[in-house]
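# Reading the structure
These are the residues of each chain, in order.
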Amino acid sequence: MTETVPHITFVCQKNGGKSQMAAALLRDLAGDAVVVTSAGTAPGASLNAQSVESLAEIGVGVGDEHPKALTAAMVEASDVVVVLGSEAQVVVGPGTRLETWITDEPSERGVTGMERMRLVRDDIRPRVEDLHRRIR
């Protein structure tokens, strides 16, 4: 009997911050045991530098990732699609589980800069760890 490797796609609107952060955290945690992609419904031009820096603070890199557009093929290939936040809207077909994570947004409380990004990272990280436990 062969086991299939789970495929997880993280989605946010710009694919420059939260979805990239979640993807990097899962890649770091799961290694080759999970296929991880991330994409945006309206991708930006570059990664959020503070998001990348906040990950580097905990020893997690993003590699050569860059914002990319979500495609139907990405959704179809996924076992689980995780939408971070409420801006991006994704429709999945049968056999693909859709999760929406309404993440902390410290800027709504006036928190900005690296302090904001650390709080976002620290909100997403346990969610990724929980997802990893559930898909193993």
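Use the structure listed above.
Here we summarise the structure given alongside this text. Values in this document were obtained by computation on a predicted structure and should not be read as measured data.

### Comments concerning the side chain of Glu99
Relative to the elements of secondary structure, Glu99 occurs in strand β4 (residues 97-101). Using a relative accessible area of 12% as the deciding quantity, one classes Glu99 as buried. A polar atom in the side chain of Glu99 sits 3.2 Å from the side chain of Arg97. A polar contact is formed between the side chain of Glu99 and the side chain of Arg134, at a distance of 2.7 Å. Filtering out sequence-adjacent residues up to four positions away, Glu99 remains in contact with Val80, Val81, Val82, Val83, Leu131 and Arg134.

### Some thoughts on helix α2 (residues 49-56)
Three or more residues of α2 are buried, namely Ser51, Ser54 and Leu55. Viewed along the axis of α2, the buried residues span an arc of 100°, placing them on a single side of the element. On its buried face, α2 is in contact with α1 (18-30) and α4 (113-135). The N-cap of α2, judged by a side-chain oxygen 2.8 Å from the amide nitrogen of Gln50 a few residues on, is Asn48.

### So, the side chain of His132
For His132, the location among the structural elements is in helix α4. Judged by relative accessible area, which is 10%, His132 ranks as buried. Not counting chain neighbours up to four residues away, the residues in contact with His132 comprise Leu26, Leu29 and Ala30.

### Some points on the sheet that holds strand β2 (residues 35-40)
Within the open sheet, the 4 strands sit side by side as β2-β1-β3-β4. Their pairing is parallel. Single-partner strands in this sheet number two, and they are β2 and β4. With direction set aside, neighbouring strand axes in the sheet form an average angle of 20°. Inspection of the sheet shows strand β1 (residues 7-12) paired to strand β3 (residues 80-84) by 4 bridges, in the parallel sense. If you follow Val11 over to β3, its bridge partner there is Val83. Against the sheet, α4 contacts β1, β3 and β4, and its axis sits at roughly 160° relative to β4.

### Some points on the packing of α1 against α4
Interaxial distance between α1 and α4 falls to 9 Å at its minimum, and their mutual angle equals 50°. The angle between the axes of α1 and α4 places the two elements in the oblique class. You can see that α1 and α4 cross each other, and the crossing is right-handed. Note on element contacts: α4 touches α1 through Met117, Val120, Arg121, Ile124, Arg125, Val128, Glu129 and His132, opposite Lys18, Met21, Ala22, Leu25, Leu26, Leu29 and Ala30. Of the residues assigned to the contact of α1 with α4, the class counts are 10 nonpolar, 1 polar and 4 charged.

### With respect to the nonpolar core
Formed by 26 residues in total, the largest nonpolar core has its most connected members in Ile8, Phe10, Leu26, Val82, Leu84, Ile124 and Leu131. With 6 residues, the next largest nonpolar core counts Val11, Val75, Val81 and Val90 among its residues.

### Thoughts on the pattern of salt bridges
Inspection of every chain in the model, using the stated rule, returns 14 salt bridges. Salt-bridge contacts for Glu99 lead to Arg97; the nearest nitrogen and oxygen are separated by 3.2 Å. A salt bridge links Glu99 to Arg134, with the nearest nitrogen and oxygen atoms 2.7 Å apart. Of the two residues, Glu99 sits in strand β4 while Arg134 sits in helix α4, which places them 35 residues apart along the sequence. On the accessibility criterion, Arg134 (41% relative accessible area) is partly exposed. Among the charged side chains, a network of salt bridges with common partners joins Arg97, Glu99, Asp130, Arg133 and Arg134.

Cut-offs and rules
- Residues numbered from 1 in each chain as written.
- Predicted model: local features only at pLDDT ≥ 70, side-chain atom pairs only at ≥ 80, totals over all residues.
- Heavy atoms only, no water.
- Helix = DSSP H or I, 4+ residues; strand = E, 2+ residues; numbered from the N terminus.
- Buried < 20%, exposed > 50% of the residue type's maximum accessible area, 1.4 Å probe, protein only.
- Polar contact = N/O pair within 3.5 Å; in protein donor to acceptor, adjacent residues only side chain to side chain.
- Contact = heavy atoms within 4.5 Å.
- Arc of directions from axis to C-beta.
- Pairing = 2+ DSSP bridges.
- Axes fitted to C-alpha atoms, helices over the stretch in contact; angles between N-to-C directions.
- Parallel < 35°, antiparallel > 145°, perpendicular 65-115°, else oblique.
- Left-handed = near helix turned anticlockwise from the far one by under 90°.
- Nonpolar A, V, L, I, M, F, W, Y, C, P; charged D, E, K, R; others polar.
- Core = buried A, V, L, I, M, F, W, Y, C linked by side-chain atoms within 4.5 Å.
- Salt bridge = Lys/Arg side-chain N within 4 Å of Asp/Glu carboxyl O.

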